[in-house]
Amino acid sequence: MTDERLCWLILRDELRRKNSKLRCLGWFTVFASRRSVGAEIGGDIRRERLSDKMTDYSIAVDASAQTLSPDERQHLRTTARVPDWFMADVERRYQEIRKRR
């Protein structure tokens, strides 16, 4: 398994939890469309948005992982933990990707 893949597997669930939280508008659409066909459409839209975000995060994680030093790669493999700076770098890269959309 590549280091890039290992980084993704370590962070994937955390990123999914972080991005699947419903905000105020999300909860409103859930309640407003609960008894209609709109609920199904709203769910599809939320799932599609989450999928798009996770795709962008996977690109950001891959790019960040490519900058790991040999010592950081060894630490990653022995502890299954990313370096302290890693998540901030992923977030920065993710924001750059989203701006280009």
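One structure accompanies this document, and this report is about it. Within each chain, residue numbers correspond to sequence positions counted from 1 in written order. Two thresholds apply to this predicted model, a pLDDT of at least 70 for residue-level local features and 80 or more for giving and counting side-chain atom pairs, whereas whole-chain, interface and lining totals are computed over all residues. With hydrogens and water stripped out, all remaining heavy atoms of the structure feed into the side-chain values.

1. Section: the packing of aromatic side chains
Between 30 and 60 degrees the pair is tilted, below 30 it is stacked and above 60 it is edge-to-face, where a pair is any two Phe, Tyr or Trp rings, Trp via its six-membered ring, whose centres lie within 6.5 Å. For the structure on display, the rule yields two aromatic pairs. Judged by centre distance (3.8 Å) and plane angle (5 degrees), the ring pair of Tyr57 and Tyr94 falls under stacked. Of the two residues, Tyr57 is situated in helix α3 (residues 37-65) and Tyr94 in helix α5 (residues 86-100); the sequence distance between them amounts to 37 residues. Like Tyr57, the residue Tyr94 is buried in the burial classification. Arranged with centres 5.6 Å apart and planes meeting at 55 degrees, the rings of Trp85 and Phe86 form a pair that is tilted. We call a residue buried when its accessible area falls under 20% of the maximum for its residue type, exposed when it is over 50%, and partly exposed in between, using a 1.4 Å probe and counting protein chains only. Judged by its relative accessible area of 0%, Phe86 is buried. Strands here mean DSSP runs of E at least two residues long; helices mean DSSP runs of H or I at least four residues long; both are numbered from the N terminus.

2. Side note on helix α1 (residues 3-20)
Side chains three or four residues apart in an α-helix point the same way, a direct result of the helix having 3.6 residues per turn. One less than the number of residues in a helix, times 1.5 Å, gives the span that helix is expected to have. Spanning 18 residues, α1 covers 26 Å between terminal C-alpha atoms, matching the ideal 26 Å at 1.5 Å per step. In this scheme, the bend at a residue equals the angle between the axes fitted to the seven residues that finish there and the seven that begin there. Largest kink in α1: about 45 degrees, centred on Leu11.

3. Brief notes about the nonpolar core
By size, the foremost hydrophobic cluster in this structure holds 18 residues, and its most contacted members are Cys7, Leu11, Leu15, Val61, Phe86 and Val90. Contributing elements (two or more residues each) for this core: α1, α3 and α5. Looking at this core element by element, the count peaks at six residues for α3. Contacts are residue-level and defined by heavy atoms, with any inter-residue pair within 4.5 Å sufficient. Filtering out sequence-adjacent residues up to four positions away, Leu11 remains in contact with Val61, Val82, Phe86, Met87 and Val90. The term nonpolar core refers to a set of buried residues drawn from Ala, Val, Leu, Ile, Met, Phe, Trp, Tyr and Cys, joined through side-chain atoms within 4.5 Å.

4. A closer look at the packing of α1 against helix α4 (residues 70-79)
A fitted line through C-alpha atoms represents every axis, and for helices the fit uses only the stretch in contact; the resulting angles, taken between N-to-C directions, go from 0 to 180 degrees. For the pair α1 and α4, interaxial distance at closest approach is 11 Å and the crossing angle is 50 degrees. It follows from the interaxial angle that α1 and α4 lie oblique. The way α1 lies across α4 gives a crossing that is left-handed. Contacts from Asp3, Glu4, Leu6, Cys7 and Ile10 of α1 reach α4 at Arg73, Leu76 and Arg77. Three classes are used, and their members are as follows: Ala, Val, Leu, Ile, Met, Phe, Trp, Tyr, Cys and Pro are nonpolar, Asp, Glu, Lys and Arg are charged, and the others, Gly among them, are polar. Residues of the contact of α1 with α4, tallied by class, amount to four nonpolar, no polar and four charged. Any angle that falls under 35 degrees is termed roughly parallel, while one over 145 is termed roughly antiparallel, one within 65 to 115 roughly perpendicular, and all others oblique. Crossings are classed by handedness, with left-handed meaning an anticlockwise turn of the near helix from the far one by less than a right angle and right-handed meaning a clockwise turn.

5. Things to note about the packing of α1 against α5
Remark: α1 packs on α5, axes separated minimally by 12 Å, with the N-to-C direction vectors making an angle of 65 degrees. Between α1 and α5 lies a crossing whose hand is right-handed. Contacts from Cys7, Leu11, Glu14, Leu15 and Lys18 in α1 reach Phe86, Met87, Val90 and Glu91 in α5. Residue classes in the contact of α1 with α5 are distributed as six nonpolar, no polar and three charged.

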